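Read off the chains here:
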Amino acid sequence: MYAVEKKFEIEMKLKREMTNIQELKAAAKRSSSLASDVCNVLGACEQRLQQLETAVLPLYGDTARLQQIHHNMEHTVTALDHVINYYMVSRDLADIIQAGPHVGSTDSLNIYLEALDKLAEAQNYFNKNNPQSVELENINQLYNAGVLKLENAFEELLSRNTRPLSPTALMDMIALEEDSSVDSVSVSGGNSTSSMALETMRAAAAWLSAAGRPPAGPLLAIRGPAALNSLIAFKDYLRSRSMAASPLMRAKNILHRTDSTQRRTSKIQKVLEKRAINIMMKASQTLEQSTGLAIGPRRSINDSYSEEGSDAVDEREAEAAGSLAAALCRVARREQRHALGLVPLPRLAALLAALLKDCLALLGAEVERVCLRSRKAAARCNAGAAACWALAARLQRLQPDMQRALHPASPAPYAALLNSCTHHCVRSLEEWVEGVRGDSAAGAVDGTVHQLAAAALAYCHALAAHMHVIGPALATEAWYARAASALTAADRNALMLALYMRKVLAQLNLSLRNKSEQYPDALKAIFLLNNTLYLLQGLQRSGLLDILMLAEPECEANYRDMIQDYKNSYIQSWNKLLSHLVLDEPLPAKLRDKDRQMLKDKFSAFNREWEESTRAQRGYSVPDAELREALKRANKQALLPPYAALHARAAAAAFSKNPDKYLKHTPLQIAAQLDGYFDEAA
């Protein structure tokens, strides 16, 4: 049963599959028929497309050729219009070129520059395509005339907007940049070119530079003299201020002051001045001869070799030269800013160098003049010789600013100027030492401080203010480098100055010793004592002693030892007088004739020697009050005990019928006279 059902089921499945196969065959037949129909349709379409392509392609070629012909015709018309413009440009732009550029504004100038550009373009066209054209000659003439008019207009605009800076404007510019306390400074004339004019000049200069004709010549011809005249006027201004501030000019102004109702001629004034000078000289000479007081030399202690003739350098001259350098820096910066945009950057360095060449030469001549005068002053041991170091310090401080102001020009000329100034300064140091060695000025008749000592102290004090400049300069010298290598100091600049001061003071001590040989023993000691104490106190007051001790640690002790030695030498000068107070043999109870005669001779010699010594030493000068009193005490200690003892013994003995003839002075009188020593000259 089960097998029959299974068989029936299989037969049914087979029948269904057969039916499906029949349906698939019928579908495949229909699909094949449809595919054949589609292929026939596609073949027909392809045939028709081939026929269409064969008919259209020639038409496309003809259209492309027509488009190329149209494009060529348009290009030809455009080129023809362009060429026709070249032939018409000279006639179209003749009026603009003949009228010249209008420099009132940048816009009006641009119209003129555009016209020149069109002429230049036409010029290039004819030079390339038709050099023999008559039109080219017309364009060249018009172009050259236009460029010449532009150059003339630029030069005129530059001249109109260029004028030298006034001295007061330069002073204000220097004060504004150097004085941090200045909040606002009115710099009148500091910018003589308006912004509109500067823009116009830059537009014209840019076109000229692009055309190969940069306006360096007009800039150099106009701005160069203006810059130089600015410095010359500033230099004259400083000189007039310096002359007005000088004591000599103030004295002349007082002498030359006249009443509105009574005017004297210059000839009469000169005669009166000369007569007054002669009277003063005679009066001073007479007073010196009668009293023994040195009026002229004593004044020179304060003057410190300051009155040495017209060649002596004045600090105001060095300050004026430094101010001139600062003014040059401001002028150079002004010219640098003005030249930017007026010439191409590659030409700017050469332009600035040429433009400021005369200005640097003027500064160099002024610095050289001050340095030479300073060296002459150093040879005469004038304390003002240190002024050249003040100038060197000012130039050194200005060097970074000057380099920026000269950029992109080379700063070598200014560096050479600074090196020359430093060289002169170093030479002046050695010439000062040589001046001390060869100084022939005699000491004052009263033995006061010599003017050379005062000048040396003032000179060293002035040098200390420029230690930062002197130190590096001396470090390049072989002798100072070797001497410094044997010493240790935190501040090398101070050490270099200390080595130089040691040289100066050593030579000064030798010179003072030589000058002291003109005096007798007592005054010789007073002279050396005055000068040595003056130097020690001056070094202490000014702080120079601390610097000197870097090179000579025992200098203070050495000075004090010298002072004590000179005190002892002065006290020993009384030995001759004291010898008259020493008896050859003790006095007997009853005087003999020879004893009486011995006492008479002793007191006569003492009185004579005492009066001469008193007359001389009253005129000796000891400016220091403490030293003066110390010497008086030492004199009393040396003289009063032996004189009082001998005076008492002689007064008790009847050695003469006229004792007042020999016992002229009591011990109290001797003490009172000793108290009067050095007072007249003091």
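Residues numbered from 1 in each chain as written. Predicted model: local features only at pLDDT ≥ 70, side-chain atom pairs only at ≥ 80, totals over all residues. Heavy atoms only, no water.

**Description of the nonpolar core**
Taken as a class, soluble globular proteins show a tendency for nonpolar side chains to be buried jointly.
Inference 1: Counting residues in each nonpolar core, the largest one holds 138 residues, and the members touching the most others are W389, W432 and Y500.
Inference 2: Broken down by element, the residue count for this core peaks at 12 residues, all from helix α18 (residues 492-516).
Inference 3: Residues in contact with W389, not counting those within four places in the same chain, are C425, V426, S428, L429, L463, H466, V469, I470 and A473.
Inference 4: With 38 residues, the next largest nonpolar core counts M201, A204, L208 and L219 among its residues. (Core = buried A, V, L, I, M, F, W, Y, C linked by side-chain atoms within 4.5 Å. Buried < 20%, exposed > 50% of the residue type's maximum accessible area, 1.4 Å probe, protein only. Helix = DSSP H or I, 4+ residues; strand = E, 2+ residues; numbered from the N terminus. Contact = heavy atoms within 4.5 Å.)

**Points about helix α3 (residues 134-160)**
Inference 1: With 27 residues, α3 ought to run about 39 Å at 1.5 Å a step, and its terminal C-alpha atoms sit 39 Å apart, in line with that.
Inference 2: Buried within α3 we find E135, L136, I139, L142, Y143, G146, V147, L150, A153, F154, L157 and L158.
Inference 3: Two to three positions downstream of the cap, the backbone nitrogen of E135 sits 3.1 Å from a side-chain oxygen, assigning the N-cap of α3 to S133. (Expected span 1.5 Å × (residues − 1). Polar contact = N/O pair within 3.5 Å; in protein donor to acceptor, adjacent residues only side chain to side chain.)

**What to know about the packing of helix α10 (residues 315-339) against helix α12 (residues 357-379)**
Inference 1: Packing of α10 against α12 leaves a shortest axis separation of 10 Å and a crossing angle of 165°. Classified by the angle between their axes, α10 and α12 sit roughly antiparallel to one another. Classified by chirality, the crossing of α12 by α10 is left-handed. From α10, E317, A318, A321, L324, A325 and L328 reach across to α12, where they touch C359, L360, L363, E366, R369, V370 and R373.
Inference 2: Considering only residue class, the contact of α10 with α12 consists of nine nonpolar, no polar and four charged. (Axes fitted to C-alpha atoms, helices over the stretch in contact; angles between N-to-C directions. Parallel < 35°, antiparallel > 145°, perpendicular 65-115°, else oblique. Left-handed = near helix turned anticlockwise from the far one by under 90°. Nonpolar A, V, L, I, M, F, W, Y, C, P; charged D, E, K, R; others polar.)

**Topic: the pattern of salt bridges**
Inference 1: With the rule as written, the count across this model stands at 22 salt bridges.
Inference 2: Here E335 makes a salt bridge to R223, at a shortest N to O gap of 2.9 Å. You can see E335 sitting in helix α10 and its partner R223 sitting in helix α6 (residues 216-245), a full 112 residues away along the chain. Across the pair, exposure class does not vary: E335 and R223 are buried alike.
Inference 3: We note a salt bridge from R375 to E431, for which the minimum N-O separation is 2.5 Å. Taken together, the residues R375 in helix α12 and E431 in helix α14 (residues 412-438) connect sequence positions 56 residues apart.
Inference 4: Since its relative accessible area comes to 23%, E431 is described here as partly exposed.
Inference 5: Each of K235, E317, E366, R369 and R373 takes part in salt bridges that share partners, so that together they form one network. (Salt bridge = Lys/Arg side-chain N within 4 Å of Asp/Glu carboxyl O.)

**Considerations on the side chain of T532**
Inference 1: Its location among the elements puts T532 in helix α19 (residues 521-542).
Inference 2: Looking at T532, its side chain comes within polar contact range of the main-chain oxygen of L528, at 2.7 Å.
Inference 3: Beyond its immediate chain neighbours, meaning those up to four positions away, T532 contacts Y559, M562, I563 and Y566.

**Focus: the packing of aromatic side chains**
Inference 1: Scanning the model with the defined rule gives 14 aromatic pairs in all.
Inference 2: Measuring from ring centre to ring centre gives 6.3 Å for Y570 and F678, while their planes differ by 55°; the resulting arrangement is tilted. Linking Y570 in helix α21 (residues 555-572) with F678 in the segment after α25 (667-675), this pair joins segments that are 108 residues apart in sequence.
Inference 3: Through successive ring pairs, a cluster of aromatic residues spans Y570, W574, F603, F606, W610, Y643, Y677 and F678. (Phe/Tyr/Trp six-rings, centres within 6.5 Å; stacked < 30°, edge-to-face > 60°.)

**Focus on the environment of C421**
Inference 1: For C421, the location among the structural elements is in helix α14.
Inference 2: Sequence separation between C421 and A392 is 29 residues; the distance between their C-alpha atoms is 6.2 Å.
Inference 3: Filtering out sequence-adjacent residues up to four positions away, C421 remains in contact with V367, C371, C388, L391, A392 and L395.

On their own, these measurements won't tell you what the molecule is for.
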